Amino acid sequence: MLSFNQDCWFVRKVVRWRALASIAWSVLLLPATTTLFVFLVRFSLFHPVEWISECFGLLTAASTIFSLILLCGVVLVIGFFNLEGYTVVPSIPCSRVALLAKVLHPRQCVHSLVHCTVGMMVMWCASVMAGGRYQALGSPCTRGESADAPEVCLNEYHLFLLLAGAFIGYSHSFLGVVQNMNYVSFQIIQQYKYLRCKGSLPWVLKCSAVQSLYAVRNYVALYFFFGHIPRAWISNSLNLPIDRVFFFFFVFDVRNNAISLTLFLALFLCLCVSVCFSVSSAVVSGTEDLPQTPRPSVLLKTPGSVFLKSSGRGISSPLTAPFTPDLDSPFSTPSLRHLAAQQVPQQGQWLGSVQSPHIIRRGPKLWSTSTGLLSLILIKKTLQVFFILFTSALTCCAQVKGFMAKRVLVVYLFNKLPEASSQALFADSQAHIWALEGLSHLVAASFSEDKYGVVQTTLPSILGCMLSLQEAVDRHFKLPHASSKPVKTSCSMGDSTYKTLRFALRAALKTSIYRITSTFGEHLNAVCISAEHQKRLQQFMEYRE
């Protein structure tokens, strides 16, 4: 990301001045584009003199001058706002979920909101300069049969243009994320600004026209289905009634002298509506006649004798021994102690009936005498519970993952986008390309310039790194999802050179190795590298790679 807060000589002396120059050129070109827009909007083939005079009168009007000043402010704001987002390393989401998260990022939401606002302001200026029925948000109401109709109603033509500006602004912001319009590429051959602008102008005009037509198509469809929502909200907020006569296009008047097709269609519609109501009423009445399922008035309870049969045998019974409660446990409840006290003989009676001197009366167990044992038991129980919960959580996650993996929508969202993984892997390859080219030129120049052989001491590691990188790149191109040829890009305003960086890296890598082998020749046989690298280097020396 470019940041003007960095205290760097390149940002201070190069980037800032070039950014200001580009914004200044955009502002200076506004009068020419505004004049062209006015002449196109007011074009009249059969009245050329009236057309020209009307356009010149409109260009000198106060509303047009105010709109032009407002457009200059909009260009300045959007120019400085977008400068912070340019980058030399594109951000490429690898799945649709990652793309959705990128679109819904707070920074991107602010970017989209600003572009929506700017789009509405630009479209307001365009509607003011167009004049006529598009000029204001309020217009005189169409007088119907009623005499008490309001005088000013909501002008849907103007509202349609304002919402179109907001939608096109958001579309541009969204396409900026999808197509990485903030990516700045570096041209190999430097060109003058005039030649560069002249060469890119046809492509920019073509892509702008295509994207505008797509945006208009999508906006018309969206407004047709959901346009009543903002229309009603603006009408209620500004207290501008909607001109109902404007919105009713068809009136089905069922009379004897009406057209036969219209009459039959209207009657068929009434018949269909009545048959829906009749079926629903029959279903409702049929469900009311169904017999009700009897429900027990008294809740069934488990008899207590089931639990008392085993308890009657005593605590020492083999049937109830596994279920004998631990009365000394701190987790035993008072009700459990009370139940056990009714079934087990009292301790004092049992001790009094035994006369042996070897039997010692035991005192009650206290917490202080078994604190360490209880702590160990509690830790053991806690670890067991935690292990059970952890295992259950892993099992639940595996089941959820298996369940979601079978759903088409989830698979569609989380599947890898085609070519996205490769593009993301090689997103910063431009720096590596330049490093390879510079290093190979230095090594090749050292053959004749380095008299002391300083560069030759690191030649084995340089060749080893290049050959290892070439093996990794070749393995990547053999993967199923990696294409071996560049994919043709569609018409886009963004710079799509980042999509071919992996092919440029592969070509630059081979060129760098060939530059070294063609310079050193047979002397490379004395370089100490691995046998596998020596075999591959021999292929380069024989021009078979």
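Quick note: structure is the one above.
Below is a short write-up of the structure. Only a predicted model underlies this, so the values are computations on that prediction, with no experimental measurement involved. (Residues numbered from 1 in each chain as written. Predicted model: local features only at pLDDT ≥ 70, side-chain atom pairs only at ≥ 80, totals over all residues. Heavy atoms only, no water.)

With that settled, consider the overall build of the protein. Helix and strand counts for the protein come out as 21 helices and two strands. With 545 residues in all, the protein has 26% of them scored as buried. Put simply, of all contacts in the protein between residues at least 6 apart along the chain, 71% involve residues at least 24 apart. (Helix = DSSP H or I, 4+ residues; strand = E, 2+ residues; numbered from the N terminus. Buried < 20%, exposed > 50% of the residue type's maximum accessible area, 1.4 Å probe, protein only. Contact = heavy atoms within 4.5 Å.)

Once that is clear, we can look at the packing of aromatic side chains. A full pass over the atoms with the stated rule returns 16 aromatic pairs. Aromatic pair Phe 66 and Trp 124: ring centres 6.3 Å apart, planes at 90°, arrangement edge-to-face. In this pair, Phe 66 is assigned in helix 4 (residues 62-83) and Trp 124 in helix 6 (residues 106-130), connecting sequence segments 58 residues apart. Taking 6.0 Å as the distance between ring centres and 80° as the angle between the ring planes, the aromatic pair formed by Tyr 134 and Tyr 157 counts as edge-to-face. A residue pair is termed long-range when its members are at least 10 positions apart, and Tyr 134 in the loop between helix 6 and strand 1 (138-140) and Tyr 157 in helix 7 (residues 156-178) qualify at 23 residues. Tyr 134 sits in the partly exposed class, given a relative accessible area of 28%. Classification of Tyr 157 by relative accessible area gives partly exposed; the value is 30%. Aromatic rings pair up to connect Phe 39, Phe 43, Trp 51 and Phe 56 into one cluster. Positioned above the aromatic ring of Tyr 157, the side-chain terminus of Arg 133 is 4.4 Å from the ring centre. (Phe/Tyr/Trp six-rings, centres within 6.5 Å; stacked < 30°, edge-to-face > 60°. Lys NZ or Arg CZ within 6 Å of the ring centre and 35° of its normal.)

A word on unusual backbone geometry. Unlike most non-glycine residues, Asn 180 shows phi in positive territory, near 50°. Relative to the assigned elements, Asn 180 resides in the loop between helix 7 and helix 8 (193-226). Look at Asn 239: it is not a glycine, yet its phi comes out positive at around 55°. The residue Asn 239 is located in the loop between helix 9 (228-238) and helix 10 (244-247) in this model. For Asn 239, a relative accessible area of 66% corresponds to the exposed category.

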